[in-house]
Amino acid sequence: MRLRGALLVLFLLPLLWGALSLLRAGAAHGVPDCPGLHLDAHGESSPGHMRRGDRCALSYDTATGRSTGTSTYAQLTFAQEVERRSLRREGALLLLYGVTGTGIAFAATRRRGT
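What counts and what doesn't
Residues numbered from 1 in each chain as written. Predicted model: local features only at pLDDT ≥ 70, side-chain atom pairs only at ≥ 80, totals over all residues. Heavy atoms only, no water. Phe/Tyr/Trp six-rings, centres within 6.5 Å; stacked < 30°, edge-to-face > 60°. Helix = DSSP H or I, 4+ residues; strand = E, 2+ residues; numbered from the N terminus. Buried < 20%, exposed > 50% of the residue type's maximum accessible area, 1.4 Å probe, protein only. Disulfide = S-S within 2.5 Å.

**Observations regarding the packing of aromatic side chains**
Each pair of aromatic rings is reported with the distance of its centres and the angle of its planes. The tally for this structure, following the rule as stated, stands at 1 aromatic pair. Geometrically, the ring pair formed by Phe11 and Tyr97 is tilted, given 5.4 Å between the ring centres and 55 degrees between the ring planes. Note that Phe11 is positioned in helix α1 (residues 2-27) and Tyr97 in helix α2 (residues 73-109), a separation of 86 residues in sequence. With a relative accessible area of 46%, Tyr97 lands in the partly exposed category.

**Considerations on the state of the cysteines**
Following the criterion strictly, the structure yields 1 disulfide and no others. Covalently, Cys34 is tied to Cys56 through a disulfide, its sulfur atoms 1.9 Å apart. What sets the handedness of the Cys34 and Cys56 disulfide is the S-S torsion sign, and at about 80 degrees it is right-handed. With Cys34 in the loop between α1 and β1 (37-39) and Cys56 in strand β2 (residues 55-61), this pair connects stretches of sequence that are 22 residues apart.

Here it is as structure tokens:
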């Protein structure tokens with residue numbers, strides 16, 4: 001019985017991680033988030049959601065007041081899509097691994113009728 005419990009823990013953890021990855025992939029849609037300073041089309045700091053034409057100052061130097069790395073709305077949208085695909089792939093593989101391993105653990109440790 002202890003072997004079954006240990007095996008189940010080893011396979012249920014990746015199963016849960018895979019389910020969480022799939023949930024994160026489903027939630028990663030919509031307007032991209034700016035991890036730095038959100039600038040509108042005119043270069044002014046802008047609160048709120050990004051729109052087409054906006055930029056994001058990814059690395060901002062406070063001494064000079066200039067951004068050292070920027071990203072456009074299209075680039076952030078593309079990066080968000082790449083992250084979503086990666087999370088979907090990771091979640092599906094971990095879910096498949098967890099389900100398969102749990103099934104094998106149950107089959108290998110079941111009591112055999114005599």
